[in-house]
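This is what each chain is made of:
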Amino acid sequence: MSNHELSERKKLILKAIVEAHIEGGEPVGSKYIMQNNLLACSSATIRNEMAELEQMGYLVQPHTSAGRVPSEAGYRFYVDALVEHYAKTTREVVQINQLLRAKMDELDQILDTASRLASTMTNYTGIAIKPRSNSVTMTKFEVIPMDENNFAMVMITSGGAVKTKKVKTLQPIPDGALKTLAEIFNSELCGLGADMITLPIIMRIESEMREGAFLVNPAVKCVYEVMNEIDGGEMKLSGLNHLLKYPEYADTDQLGELLGTLESQEEILDLVSATQSDDINVLIGSESSVKVMNNSSLVFKPIKKDGRTVGYVGVLGPRRMNYKQVLEALGDIGGSIAWMIDEDRRLGDGNKKEEDDR
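Quick notes on the rules
Residues numbered from 1 in each chain as written. Predicted model: local features only at pLDDT ≥ 70, side-chain atom pairs only at ≥ 80, totals over all residues. Heavy atoms only, no water. Helix = DSSP H or I, 4+ residues; strand = E, 2+ residues; numbered from the N terminus. Buried < 20%, exposed > 50% of the residue type's maximum accessible area, 1.4 Å probe, protein only. Contact = heavy atoms within 4.5 Å. Areas by Shrake-Rupley, 256 points an atom, 1.4 Å probe, with all protein chains shown as cover. 1 Å grid on protein atoms, 1.4 Å probe; cavity = no way out; pocket = protein on both sides within 12 Å on 5 of 7 lines; lining within 4 Å. Points joined across faces, edges and corners; volume = space filled by probe spheres on them. Nonpolar A, V, L, I, M, F, W, Y, C, P; charged D, E, K, R; others polar. Core = buried A, V, L, I, M, F, W, Y, C linked by side-chain atoms within 4.5 Å. Salt bridge = Lys/Arg side-chain N within 4 Å of Asp/Glu carboxyl O. Polar contact = N/O pair within 3.5 Å; in protein donor to acceptor, adjacent residues only side chain to side chain. Axes fitted to C-alpha atoms, helices over the stretch in contact; angles between N-to-C directions. Parallel < 35°, antiparallel > 145°, perpendicular 65-115°, else oblique. Left-handed = near helix turned anticlockwise from the far one by under 90°.

## Thoughts on the overall build of the protein
When its secondary structure is counted, the protein shows 12 helices and 10 strands. The 358 residues of the protein split such that 44% are buried. Of all intrachain contacts in the protein linking residues separated by at least 6 positions in sequence, the fraction that spans at least 24 positions is 61%. As displayed, the protein offers around 18,700 Å² of accessible surface, 48% of which is attributable to carbon and sulfur atoms.

## Some points on the layout of surface pockets
The space that makes up the second largest pocket amounts to roughly 240 Å³. Lining the second largest pocket, in full, are H21, G25, P27, P62, V69, P70, Y75, P247, E248, N295, R319 and R320. Considered class by class, the residues forming the lining of the second largest pocket number six nonpolar, three polar and three charged.

## What about empty space enclosed by the protein?
Tallied over the entire structure, the rule returns one cavity of 30 Å³ or more. Its boundaries defined by the atoms lining it, the largest cavity holds a volume of some 70 Å³. Lining of the largest cavity is provided by D108, L111, D112, A128, I129, K130, E234, M235 and K236. Those elements giving two or more residues to the lining of the largest cavity turn out to be α6 (107-122), β3 (125-130) and β7 (234-238). Of the residues assigned to the lining of the largest cavity, the class counts are four nonpolar, no polar and five charged.

## Some details on the nonpolar core
Among soluble globular proteins, nonpolar side chains are generally buried collectively. Ranked by internal contacts, the top residues of the largest apolar core, which has 65 residues, are I13, L14, I129, I268, L298, V299 and Y323. Counting 30 residues, the second-largest nonpolar core is a separate cluster that includes M138, A177, I197 and M227.

## Points about the pattern of salt bridges
In the structure shown here, the tally under the stated rule is 15 salt bridges. A salt bridge links E287 to R76, with the shortest nitrogen-to-oxygen separation between them at 2.6 Å. Taken together, the residues E287 in the loop between β8 (281-284) and β9 (296-305) and R76 in helix α4 (residues 72-82) connect sequence positions 211 residues apart. Judged by relative accessible area, which is 35%, E287 ranks as partly exposed. The partner of K304 in a salt bridge is D278, with the nearest N and O atoms 3.0 Å apart. Taken as a pair, K304 in strand β9 and D278 in the loop between α11 (266-273) and β8 lie far apart in primary sequence, 26 residues in all.

## A word on the side chain of N150
Within the secondary structure, N150 is located in strand β5 (residues 150-157). Polar side-chain contacts of N150 include one of 2.9 Å to the side chain of D147.

## Notes on the packing of helix α1 (residues 8-24) against α4
At a closest axis distance of 10 Å, the pairing of α1 and α4 adopts a crossing angle of 110°. By the angle class used here, α1 and α4 are roughly perpendicular. The handedness of the crossing between α1 and α4 comes out as left-handed. In this structure, α1 uses K11, L14, K15, V18, E19, H21 and I22 to contact α4, whose residues at the interface are G74, Y75, F77, Y78 and L82. Across the contact of α1 with α4, the residue classes break down as seven nonpolar, two polar and three charged.

This is how it looks when you write it as structure tokens:
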């Protein structure tokens, strides 16, 4: 539903209910809006407007006699159209820059510090993510025989790393099969990312291997494992204890499922790595593909370097999170990191120019 389909009065009422629910966690009624002078109209008018907002899908009435709480659509409208600028003090901005600059040596440290800072600033769980990029490829394969049922795969990656994986087979390895396997892998798989090693390529290799076709699947599995170890993404959490402050996570079974998903990381990494937007991303409840996050919101911002996304910083919390504060905090943190990365690049370019001039 577009902004134009809500009157200014409905927008004010929705905004007041969202922010009151964020603060108190309880249903909000017309009496609260009247007592806090949030709108200059009668209680009956406010109740009618709230009923219409409920019919439009922006509010939910948990009990017949209770007030209303925002629905996912209500939160989404609030984030997209109603959230106001959160005034950051000069002291807070300086603190952000100082904390981040102290950790600018490595990307891992930058993201880790940024997530802890986001958690501290918002009282939600901070998240630092190195995304999957499918950029790792192999430059050379060597296959070393060990005995009739075992061999070692030695792989040199595009980044210069040397990885070795042991492979056990269920049947004896044919004479000459390992040499052929190495030759075919070097011919067919060098320079390919994980997403480019497709089933037709694997089937073609199996056909070329003839009686040694059974060696192909375990060998390809080793290639995938190495690529995933190097380029599979990583997620770190800060302030996980903050979740316990909110009644939305009082159900221990649901909380356990959420913590299990966060620990395994896979679904969150898939979700974030698939994101195309360079802006702050806000996923509210079921907007996320991760089912156990239906009662949560995930807000994250990509960190760019030389036009490439090198990480994400974000927060996880209940759907009724303080979006105003979260958006501003992540905007400031992301902006500070971008400025420092650009400054380091400018200094590097300046030093290079001085060396060239000598």
